[in-house]
Amino acid sequence: MSDQGTPPSPQPNPRELQARIEDFERRLEALHQVSLALTAERSLDALLQKIVDLGRAMVGARYGALAVHDPPGHVIQFVTSGISAAERASVGVPPVGRGLLGVNIHEGRSLRVHDIHQDPRSVGFPPGHPPMRTLLGVPVASKGKVLGNLYVTDKEDGADFSEEDERSLTMLGQKAALAIENAHLFAELERRATESRLLYEVTKSLNSSLSLDAILQTIVDAAAAILEADKVLLRVLDETSGLLRGRIAHGYVHLTPEQTTIAVNQGAAGWVAATGQAVVIQDAAGATAANRWVLDPEHIGSFAHVPIIVGGAVYGVFSIAYGRPGAVPPGALNVLQALADQAAIAIRNARLFAQVTTERNALESLFNSLSDGVYTLSLNRRLQRMNYVAELVIGQPTTTLEGHPCWEVFQYFDEAGRSVCESACPLLSYFQDGRMRPPREVYLSTPRGDRIPVALSASPIRDAQGSVTGMVEVFRDMRRQRELDEMKANLVSLVSHELRTPLSHIKGFVSTLLQPDVEWDQETQRDFLETIDRESDRLAKLVGDLLDMSRLEAGQRPEPEPCSPAALVAGGLRMVASFTRDHRILSRLPEDLPWVLADAPQIERVIANLVENAAKYSPKGTSIDLSAVPEGSMLVISVADQGIGIAPEDQPKIFEKFYRVVQSGYRTPGTGLGLAICHGIVTAHGGRIWVESAPGGGSIFRFTLPLTTDIGDGER
């Protein structure tokens with residue numbers, strides 16, 4: 001060795017060498033543990049805690065801390081080591097990255113300080129902070145991007161931090177940066193997996209649920225989970241009031257969704273509803289009044305709103321909020337808008353479903369309100385539905401006959417008794433030539449054995465493309481129509497006969513009196529004129545009956561006023577005095593009868609018709625009794641005779657138009673309108689009319705009129 005060379009360094013003694021080897025092994029073990037944590041630990045919070053614990057142990061420090069910050073330098077996570085929970089609580093809020101800590105954050109370089117209190121860059125410690133003197137801080141950086149800083153204070157042996165400590169902690173900081181990036185990446189992958197799963201749940205809910213609130217609840221829950229929002233609110237525009245009504249909420253304690261209702265243009269959400277544009281406010285406290293959250297402003301630090309758009313129109317607003325400023329995550333609008341689009345689909349589907357349900361119910365009501373029997377068939381002639389009338393005719397509900405062949409349920413026959421289902425089925429006939437047939441009169445055989453004449457018609461059911469998917473068949477019960485036709489025929493025959501007879505008599509006697517070659521004596525002339533007068537009265541009564549019946553059917557209402565029952569009976573008897581000369585008329589009305597509310601001329605007509613009817617069907621010399629008695633709020637007036645009586649089977653029909661009782665030995669002229677007119681007049685007065693009779697035992701016709709407490713100026 002040259003004398004002029006550098007003198008050799010002193011060799012460390014074995015004890016120092018052993019200590020250095022142990023220190024080196026400790027540092028390697030710490031780095032190894034960090035490497036293991038990188039691959040094994042998925043929780044970012046647990047990983048950060050392990051890094052700061054290992055860093056403190058690696059350099060033998062009493063305290064350690066790891067801060068993670070966002071790009072602007074705000075501390076978003078702060079992890080400590082060597083400080084108790086009580087000491088941590090006494091420190092208060094985490095540091096904001098000023099002073100010595102800012103060197104690591106903003107300058108991106110390491111820092112070793114002998115005495116924190118003496119360093120001019122120090123800004124001091126908050127009250128309650130543990131005393132610290134020495135400091136070693138390194139940036140937590142990756143690829144030139146500073147993610148935070150790792151620092152330790154006060155070595156256990158009281159020495160200053162060495163260059164070796166700095167190199168070791170710097171390596172740990174690099175490992176920590178990689179760990180943080182990996183943890184963020186894993187968290188992002190988990191977030192996206194969660195987002196995909198929740199979006200799938202939302203889509204599945206759309207396809208499986210008809211409850212709008214259930215679907216919207218799923219969407220709100222998904223927004224809260226994906227975006228980790230403190231509050232989520234979905235408002236729907238009320239088409240009637242024009243207000244944005246809270247529908248579904250998450251994170252509200254003191255407010256119900258209904259209490260979050262606002263007007264359009266009120267606050268940021270109202271502005272979104274009015275313009276259809278999304279908005280993000282990262283600092284709710286600094287927002288203008290027009291851009292505030294509107295509700296719970298003291299609990300909102302940042303928020304976002306997106307419109308719910310259906311067919312180009314805003315149907316609501318979807319909102320998220322956080323308790324601290326700057327918390328709305330990047331990409332939140334995209335997620336929120338995607339969920340809002342799902343809400344839009346749900347709202348549109350719900351409104352379409354409500355519209356379809358309303359229209360279906362209206363059609364169902366129309367379907368069942370038809371007076372004709374209606375049913376639908378599939379192309380293979382199987383029964384699908386029946387309306388209420390068809391169910392009554394068949395005697396079974398649709399539910400028991402659905403899917404049955406139509407020819408088994410509705411059996412149609414022609415006049416000859418041949419099956420129409422086999423020879424002229426409307427559905428088969430349509431498919432033969434594509435033409436619809438006019439209604440055809442056939443007979444429907446019911447399960448009860450009835451043979452009902454019906455008019456059968458059919459029409460194809462087509463889908464949206466115009467293809468025939470089935471057939472609707474309608475049958476109209478023709479029994480009433482046939483009765484009306486028969487009634488019309490009888491009316492024409494009856495009226496023509498009743499008119500012809502008096503006209504023939506009048507014409508005959510007038511022609512006889514006018515013969516120039518015959519000189520009639522005065523007695524004969526008077527007899528002829530009396531006959532002409534009588535037949536004229538008969539003709540006038542017939543015309544009057546027809547006119548009265550027409551007025552009643554047209555809905556002419558009576559004009560009632562207080563009337564004396566005795567006066568009404570007397571007026572009715574005067575009208576038929578000429579018809580009752582051969583009978584004894586007995587009027588048994590008490591003098592103290594209460595008065596009634598009646599249209600006097602009409603009720604007098606009722607009494608006259610009943611008395612005349614009694615005279616027609618009673619032998620000469622018999623009596624006709626009239627009586628009245630109060631019953632509750634009504635007065636019952638009775639007309640009794642000693643005539644031939646009425647058979648039980650005729651009694652329900654005698655108040656029908658043109659119905660006349662035919663009994664052996666009795667054939668009286670008339671049109672069968674008298675009792676029908678009585679029924680119409682009494683019913684219009686709010687009363688009722690009925691008969692009590694037996695063949696050979698006479699008849700009692702009774703009718704009621706409402707009583708009144710008002711007394712008129714005198715009897716009529």
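Note that the coordinates shown come from a computational prediction; the quantities given were computed from them, not determined experimentally.

Time to look at the overall build of the protein chain. For the protein chain, the count of helices and strands is 18 helices and 24 strands. Here the protein chain holds 716 residues, and 41% of them are scored as buried. Contacts in the protein chain between residues far apart in sequence, at least 24 positions, make up 60% of those at least 6 positions apart. Total accessible area on the protein chain stands at roughly 38,600 Å², and carbon and sulfur atoms take up 53% of it.

In this fold, Val-639 is placed in strand β22 (residues 634-640). Sequence separation between Val-639 and Ile-607 is 32 residues, and the spatial gap between their C-alpha atoms is 8.0 Å. Those residues within four positions of Val-639 in sequence are excluded, and the remaining contacts are Leu-610, Val-611, Ile-624, Asp-625, Leu-626, Ser-699, Ile-700 and Phe-701.

Time to look at the pattern of salt bridges. Per the stated rule, a full pass over the model turns up 19 salt bridges. Among the ionic pairs, Asp-160 bridges to Arg-133, the shortest N-O distance being 3.6 Å. One end of the pair, Asp-160, is in the loop between β5 (145-155) and α5 (163-208); the other, Arg-133, is in the loop between β3 (111-113) and β4 (135-142), and 27 residues separate them in sequence. Judged by its relative accessible area of 29%, Arg-133 is partly exposed. As a salt-bridge pair, Glu-239 and Arg-351 come within 3.2 Å of each other at their nearest N and O atoms. Separated by 112 residues along the polypeptide, Glu-239 in the loop between β6 (231-237) and β7 (243-250) and Arg-351 in helix α8 (residues 332-369) bring together distant segments of the chain.

Of all the residues in helix α7 (residues 267-275), the buried ones are Gly-267, Ala-268, Ala-269, Gly-270, Val-272 and Ala-273. On its buried face, α7 sits against β6, β7, β8 (262-263), β9 (279-281), β10 (302-310) and β11 (313-322). Two residues or fewer after α7 comes Gly-276, characterised by a positive phi angle close to 75°.

Bringing the sheet that holds β10 into the picture now. Taken together, six strands build an open sheet; the order of strands is β8-β7-β6-β11-β10-β9 and the sheet is antiparallel. Where the open sheet ends on each side, the last strands, each with one partner, are β8 and β9. Pairing of β7 with β8 involves two bridges; the strand directions are antiparallel. Bridge pairing links Leu-243 to Ala-263 in β8. In the packing of helix α6 (residues 212-227) onto the sheet, contacts are made with β6, β7 and β11, and the angle to β7 comes to roughly 65°. Across the face of the sheet, α8 comes into contact with β6, β9, β10 and β11 while running at roughly 35° to β10.

A few words now on the pairing of β22. Taking burial as the measure, the seven residues of β22 include seven buried ones, the bulk of the element. Where burial is concerned, the two faces of β22 agree: the one with Met-634, Val-636, Ser-638 and Ala-640 and the one with Leu-635, Ile-637 and Val-639 are both buried. Examined bridge by bridge, strand β21 (residues 623-631) and β22 share seven bridges and lie antiparallel to one another. Its bridge partner being in β22, Pro-630 is matched across the sheet by Leu-635.

Another point: the pairing of strand β17 (residues 468-477). Put simply, side chains in a regular strand alternate between the two faces of the sheet. The pairing of strand β12 (residues 373-378) with β17 spans six bridges and is antiparallel. If you follow Thr-376 over to β17, its bridge partner there is Val-472. Direction of pairing for strand β16 (residues 451-462) relative to β17: antiparallel, over a ladder of nine bridges. The partner of Ala-458 across the bridge, within β17, is Glu-473. The antiparallel pairing of β16 with β17 creates a hairpin that spans five residues between the two strands, and Gly-466 there sits at a positive phi of about 90°.

A separate point is a nonpolar patch on the surface. Among the surface-exposed residues, Leu-363, Leu-366 and Leu-370 lie close enough to one another that they form a single nonpolar patch of about 280 Å² accessible area. Structurally, Leu-366 is set in helix α8. On the accessibility criterion, Leu-366 (48% relative accessible area) is partly exposed.

What follows covers the packing of helix α17 (residues 600-616) against helix α18 (residues 674-684). Angle between the axes and distance between the axes are the two parameters that describe a pair of packed helices. The geometry of α17 relative to α18 is characterised by a closest axis approach of 9 Å and an angle of 150° between their N-to-C directions. Seen along the crossing, α17 lies across α18 with a hand that is left-handed. Contacts between α17 and α18 involve Gln-602, Ile-603, Arg-605, Val-606, Asn-609, Leu-610 and Asn-613 on the former and, on the latter, Gly-674, Leu-675, Ile-677, Cys-678, Ile-681 and Val-682. Taken together, the residues that form the contact of α17 with α18 break down as eight nonpolar, four polar and one charged.

Two elements in contact, α6 and α8, have axes whose closest approach is 10 Å; the angle formed by their N-to-C orientations is 175°. With respect to their mutual orientation, α6 and α8 come out roughly antiparallel. Contact residues: Leu-212, Ile-215, Leu-216, Ile-219, Ala-222, Ala-223, Ile-226 and Leu-227 in α6; Ala-332, Val-335, Leu-336, Leu-339, Gln-342, Ala-343, Ala-346, Ile-347 and Ala-350 in α8. Of the residues contributing to the contact of α6 with α8, the split by class is 16 nonpolar, one polar and no charged.

So, on to the nonpolar core. Counting residues in each nonpolar core, the largest one holds 39 residues, and the members touching the most others are Leu-568, Leu-610 and Phe-703. When contributions to this core are tallied by element, the ones reaching two or more residues are α16 (565-575), β20 (596-598), α17, β21, β22, α18, β23 (689-693) and β24 (699-706). Considering every element that reaches this core, the biggest residue donor is α17, with nine residues. Formed by 34 residues, the second largest nonpolar core is a distinct cluster that contains Val-306, Ala-327, Leu-336 and Ala-340.

Moving on to the sheet that holds β5. Read across the open sheet, the five strands follow the order β2-β1-β5-β4-β3; overall the sheet is antiparallel. Across the chains shown, the open sheet's two edge strands, defined by having one partner strand only, are β2 (75-81) and β3. Shown here is a sheet whose adjacent strand axes are inclined to one another by a mean of 15°, direction ignored. Looking at chain direction, β4 and β5 are connected through eight bridges and run antiparallel. The residue bridging Leu-135 from the neighbouring strand is Thr-153, located in β5. Packed onto the sheet, helix α2 (residues 44-59) meets β1 (61-69), β2 and β5 and runs at close to 45° relative to β2.

This paragraph deals with α18. Considered for burial, the residues of α18 that qualify are Leu-675, Ala-676, Ile-677, Cys-678, Ile-681, Val-682 and Ala-684. The first or second residue beyond α18 is Gly-686, which carries a positive phi of 85°.

Residue position: Ser-241 is located in the loop between β6 and β7. Given a relative accessible area of 37%, Ser-241 falls into the partly exposed group. Measuring from C-alpha to C-alpha, the distance between Ser-241 and Ala-263 comes to 9.4 Å, with 22 residues separating the pair along the chain. At a separation of 3.3 Å, a polar atom in the side chain of Ser-241 contacts the main-chain amide nitrogen of Leu-243.

Taken residue by residue, the protein chain gives an average pLDDT of 81. The fraction at 70 or more is 84%. Note that residues 1-5 has pLDDT below 50 and, in this model, zero contacts with residues that lie over four places away or in other chains. For the stretch residues 712-716, pLDDT sits under 50, and the model shows 12 contacts to residues farther than four places along the chain or on other chains.

Summed over the entire model, instances satisfying the criterion amount to six aromatic pairs. Measuring from centroid to centroid gives 5.9 Å for Phe-410 and Phe-475, while their planes differ by 50°, and the two rings are tilted. Pair noted here: Phe-410 is in the loop between α11 (406-409) and β14 (411-413) and Phe-475 is in strand β17, with a separation of 65 residues, a long-range link. Both residues of the pair, Phe-410 and Phe-475, count as buried. Taking the centre distance of 5.4 Å and the plane angle of 65° together, the rings of Trp-520 and Phe-528 count as edge-to-face. Residue Phe-528 is classed as buried on the basis of its relative accessible area of 12%. Grouping aromatic residues by their ring pairs yields a cluster made of Tyr-375, Phe-410 and Phe-475.

Procedures and definitions
Residues numbered from 1 in each chain as written. Predicted model: local features only at pLDDT ≥ 70, side-chain atom pairs only at ≥ 80, totals over all residues. Heavy atoms only, no water. Helix = DSSP H or I, 4+ residues; strand = E, 2+ residues; numbered from the N terminus. Buried < 20%, exposed > 50% of the residue type's maximum accessible area, 1.4 Å probe, protein only. Contact = heavy atoms within 4.5 Å. Areas by Shrake-Rupley, 256 points an atom, 1.4 Å probe, with all protein chains shown as cover. Salt bridge = Lys/Arg side-chain N within 4 Å of Asp/Glu carboxyl O. Pairing = 2+ DSSP bridges. Axes fitted to C-alpha atoms, helices over the stretch in contact; angles between N-to-C directions. Patch = residues over 30% accessible without salt bridge, like charges linked within 9 Å, V, L, I, M, F, W, Y side chains within 5 Å. Left-handed = near helix turned anticlockwise from the far one by under 90°. Nonpolar A, V, L, I, M, F, W, Y, C, P; charged D, E, K, R; others polar. Parallel < 35°, antiparallel > 145°, perpendicular 65-115°, else oblique. Core = buried A, V, L, I, M, F, W, Y, C linked by side-chain atoms within 4.5 Å. Polar contact = N/O pair within 3.5 Å; in protein donor to acceptor, adjacent residues only side chain to side chain. pLDDT = per-residue confidence, 0-100. Phe/Tyr/Trp six-rings, centres within 6.5 Å; stacked < 30°, edge-to-face > 60°.

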